[in-house]
Amino acid sequence: MTAQTGQISDLMARIAALEAERQQTLRLAHTDSLTGLLNRGAFTAELCARLDAARAEGRPLALFVMDLDRFKHLNDTLGHHAGDLFLAEIGERLRAEAGAGELAARLGGDEFALISDRSDVAARAQQLVAALARPHVIYGRVVSPGGSVGAAVFPADAADAAELQRFADMALYRVKTQGGRRWSAFDAGLRAESDRRRNLEAELRQGLAAGQIEPWFQPVIDTACGRMTGVEVLARWRHPTQGLLEPAAFVPMAEELGLIGEIDRAVFELGCARAAPWVAEGLIEVVSFNVSPRDLLDPGFSRKLIGRLARTDLPATALTIEITETFLVQDLALSRRHIERLAAKGVRIALDDFGIGYSNLRALMALPIQTVKLDRSLIADVAHDGRVAKLVTSMLHAARALGVRIVAEGVEDEAQAIFLRAAGCDRMQGYWFARPMPGDEMEQVLWAGASHQVAAPAAPLDRVARALR
Ligand code: C2E
Ligand code: CA
Ligand code: CA
């Protein structure tokens, strides 16, 4: 074993230990500490599993979602401790209420859920309303905020777990906004509304054709010299009536509808056209694009991308494709094929959102991946959580040993930037430097930066941050 591989093994062992510790914390985090019920994450996993089983056995599955009605008032008048006592009491009631084949969870705040294999939905919903409504004595006072219930059933209403949750939420929302009866089940009226949402699909298709999808650009800073050396291209939808929409408002829907490939393609073509001159002028070196894990499941993905790239003026060596870590885990053989095909053309691959999933360093060693983007949830804690700081430092060491470049995402303040620079992080990106901006604005920043760079090649980060703001 050479000294270098020994060093890498040591680092990987340390990272594995830190990860194991984090996983243990995560496991403890499956239950809601206040009520002892499942929390939202564990509930979602459980719902999927139970729905799969129901589908396999050809039986229905109901989901009830619940929300307390005047909980805020209770909190405001008796204080948060009283609120917590009441939530714990509701937890007790739901645990007692849940029969065989049922499972209760706290989704957060004063929101609860019950997965049930009972088919008498109306009767069950009324029992839950009654259970929520029972008064309770706190600090010698009788409180009864009451609660509302929304229900949906697989397969009569919903086809999968996501739909089941969405439809039960819609039913609950109607109870909360319309008053009267304290429970509601998904029905034809709500289905019509759900269909209206589907119109957004048509709008998105039209929007794509009408050029409403725009590439925005966020600077990536080279830590050593403090210069902007790259941009990440991010999609925006200029919706005709709703204004500018961020990816969260349409990317998940586009993925569901199978439209994400077209969005990624539009962003890629427009983004390349805009940024290629910046690269040609030597203003930046790297242009990064996001691709959806769904795109990557297409066996023709890398071939098509290479073809598309050839029709732009962007050199392959300036292109980085950001792939999320979860995808690697999903289908390692296919990702290897895509990544190797792209790497052979000189395209670089970045592993996005690193550190929230499996932190798959083995994949890094096995694949030609040159860049890792540390997820912003890690960066958010880096300056004040010793454990996260240790984890990030170890990751940076390992990356250096492997010859991988690290980009820290979501750098929002000076303390984070200073920590990351000291820890040897190569690149940084985040609101502290600049938010994503449209192409025209990016161009102005780049021209201003070009003259600035001649005057001060090693501008300190704070000055770069100020210049970009
Ligand atoms: P991402 O790849 O992790 O992109 C970075 C996101 O973090 C961007 O959000 C960016 O605006 C945001 N961000 C950057 N710096 C900071 C910071 O300091 N603090 C905080 N809180 N956030 C920061 P955005 O533009 O809303 O994009 C969200 C996600 O949508 C992206 O996450 C990416 O996964 C996806 N996405 C964006 N554009 C595309 C696209 O063209 N195609 C596909 N498939 N996905 C895209
Ligand atoms: Ca990204
Ligand atoms: Ca990311």
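Scroll up for the structure.
Since the model is a prediction, treat every value here as computed from it, not as a measurement. (Residues numbered from 1 in each chain as written. Chains lettered and ligands numbered in written order. Predicted model: local features only at pLDDT ≥ 70, side-chain atom pairs only at ≥ 80, totals over all residues. Heavy atoms only, no water.)

### Comments concerning the overall build of the protein
- For the protein, the helix and strand inventory stands at 19 helices and 17 strands.
- Its C-alpha atoms give the protein principal-axis dimensions of about 70 × 50 × 45 Å.
- The burial tally for the protein puts 49% of its 469 residues in the buried class.
- Once local pairs closer than 6 in sequence are excluded, the contacts in the protein between residues at least 24 apart make up 68%.
- Accessible surface for the protein amounts to roughly 21600 Å². Of this, 53% is attributable to carbon and sulfur atoms.
- Charge centroids of the protein, computed over 54 positive and 60 negative side chains, lie 1 Å from each other. (Helix = DSSP H or I, 4+ residues; strand = E, 2+ residues; numbered from the N terminus. Buried < 20%, exposed > 50% of the residue type's maximum accessible area, 1.4 Å probe, protein only. Contact = heavy atoms within 4.5 Å. Areas by Shrake-Rupley, 256 points an atom, 1.4 Å probe, with all protein chains shown as cover. Lys, Arg positive; Asp, Glu negative; His and termini not counted. Charge placed at Lys NZ, Arg CZ, Asp CG, Glu CD.)

### Observations concerning the pairing of strand β11 (residues 286-290)
- Burial runs high along β11: 4 of the 5 residues are buried.
- In this structure, strand β9 (residues 228-239) lies alongside β11, joined through 4 bridges in parallel fashion. Paired with Glu 232 across the bridge in β11 is Ser 288. (Pairing = 2+ DSSP bridges.)

### Looking at the coordination of the calcium ion (ligand 3)
- With distances of 2.2 to 2.5 Å, the protein atoms coordinating the calcium ion (ligand 3) are Asp 352 (OD), Asp 353 (OD), Glu 409 (OE) and Glu 409 (OE).
- Separating the calcium ion (ligand 3) from the calcium ion (ligand 2) is a distance of 3.9 Å, and Asp 352 supplies a donor atom to each of them. Of this pair, Asp 353 sits in strand β13 (residues 348-354) while Glu 409 is found in the loop between β15 (405-408) and α17 (414-422), placing the two residues 56 residues apart along the sequence.
- For Asp 353, a relative accessible area of 24% gives the class partly exposed. (Donors = N, O, S within 2.8 Å, 3.2 Å for Na, K, Ca; no water.)

### Concerning the site of ligand 1
- Around ligand 1 there are 23 residues in total, and Arg 236, Asp 264, Arg 376, Glu 412 and Tyr 431 lie nearest to it.
- In this structure, a nitrogen atom belonging to ligand 1 sits 3.0 Å away from a side-chain N or O atom of Gln 218.
- Measuring from an oxygen atom of ligand 1, one finds a side-chain N or O atom of Glu 232 at 3.3 Å.
- If ligand 1 stood free it would expose 800 Å²; the protein chains cover 85% of that surface.
- Here ligand 1 occupies the largest pocket.
- Going through the elements one at a time, β9, α9 (260-280) and β13 are the ones with two or more residues in the shell around ligand 1.
- For the shell around ligand 1, the element with the most residues is β9, which contributes 4 residues.
- Considered class by class, the residues forming the shell around ligand 1 number 9 nonpolar, 5 polar and 9 charged. (Near = heavy atom within 4 Å. Polar contact = N/O pair within 3.5 Å; in protein donor to acceptor, adjacent residues only side chain to side chain. 1 Å grid on protein atoms, 1.4 Å probe; cavity = no way out; pocket = protein on both sides within 12 Å on 5 of 7 lines; lining within 4 Å. Sits in = over half its atoms within 2 Å of the grid points. Nonpolar A, V, L, I, M, F, W, Y, C, P; charged D, E, K, R; others polar.)

### Focus: the pattern of salt bridges
- Per the stated rule, a full pass over the model turns up 26 salt bridges.
- A salt bridge links Asp 222 to Arg 427, with the shortest nitrogen-to-oxygen separation between them at 3.4 Å. Placement of Asp 222 in strand β8 (residues 213-222) and of Arg 427 in strand β16 (residues 427-428) is noted, with a sequence separation of 205 residues between them.
- In this structure, the salt-bridge partner of Asp 440 is Arg 274, at a minimum N-O distance of 2.5 Å. In this pair, Asp 440 is assigned in helix α18 (residues 439-455) and Arg 274 in helix α9, connecting sequence segments 166 residues apart.
- Judged by relative accessible area, which is 27%, Arg 274 ranks as partly exposed.
- Among the charged side chains, a salt-bridge network with shared partners connects Asp 67, Asp 69, Lys 176 and Arg 182. (Salt bridge = Lys/Arg side-chain N within 4 Å of Asp/Glu carboxyl O.)

### Some thoughts on the coordination of the calcium ion (ligand 2)
- Taken together, Glu 232 (OE), Asn 290 (OD1), Glu 322 (OE) and Asp 352 (OD) make up the protein donors of the calcium ion (ligand 2), found 2.1 to 2.3 Å from the metal.
- Counting residues between consecutive donors of the calcium ion (ligand 2) along the chain gives the motif E-x57-N-x31-E-x29-D.

### Details of the sheet that holds strand β6 (residues 147-154)
- Spatially, β2-β3-β1-β6-β7 is the arrangement adopted by the 5 strands of the open sheet, whose pairing is mixed. Edge strands, defined here as strands with exactly one partner in the open sheet, are β2 (102-108) and β7 (183-185). Here the strands of the sheet are splayed against their neighbours by 20° on average, with no regard to which way each runs.
- Taken together, the 6 bridges between strand β1 (residues 61-68) and strand β3 (residues 111-116) define a ladder with antiparallel strand orientation. By the bridge assignment, Ala 62 is partnered in β3 with Ser 116.
- Each of β1, β6 and β7 touches helix α6 (residues 161-178); the most contacted strand, β6, lies at about 150° to it. (Axes fitted to C-alpha atoms, helices over the stretch in contact; angles between N-to-C directions.)

### With respect to the environment of Ile 284
- With respect to the helices and strands, the residue Ile 284 is situated in the loop between α9 and β11.
- Separated by 151 residues in sequence, Ile 284 and Ala 133 place their C-alpha atoms 62 Å apart.
- What Ile 284 contacts, discounting residues up to four positions off in sequence, is Met 228, Thr 229, Gly 230, Val 231, Trp 278, Val 279 and Leu 446.

### Quick word on empty space enclosed by the protein
- A full pass over the atoms with the stated rule returns 2 cavities of 30 Å³ or more.
- Of the pockets and cavities examined, the largest cavity occupies roughly 160 Å³.
- Lining the largest cavity are 15 residues; nearest its centre among them are Val 220, Val 286, Ser 288, Thr 371 and Val 407.
- Among the secondary structure elements, those contributing two or more residues to the lining of the largest cavity are β9, β11, β12 (319-324), β13, β14 (371-374) and β15.
- It is β9 that provides the largest number of residues to the lining of the largest cavity, a total of 3 residues.
- Here the lining of the largest cavity is built from residues that sort into 5 nonpolar, 5 polar and 5 charged. (Points joined across faces, edges and corners; volume = space filled by probe spheres on them.)

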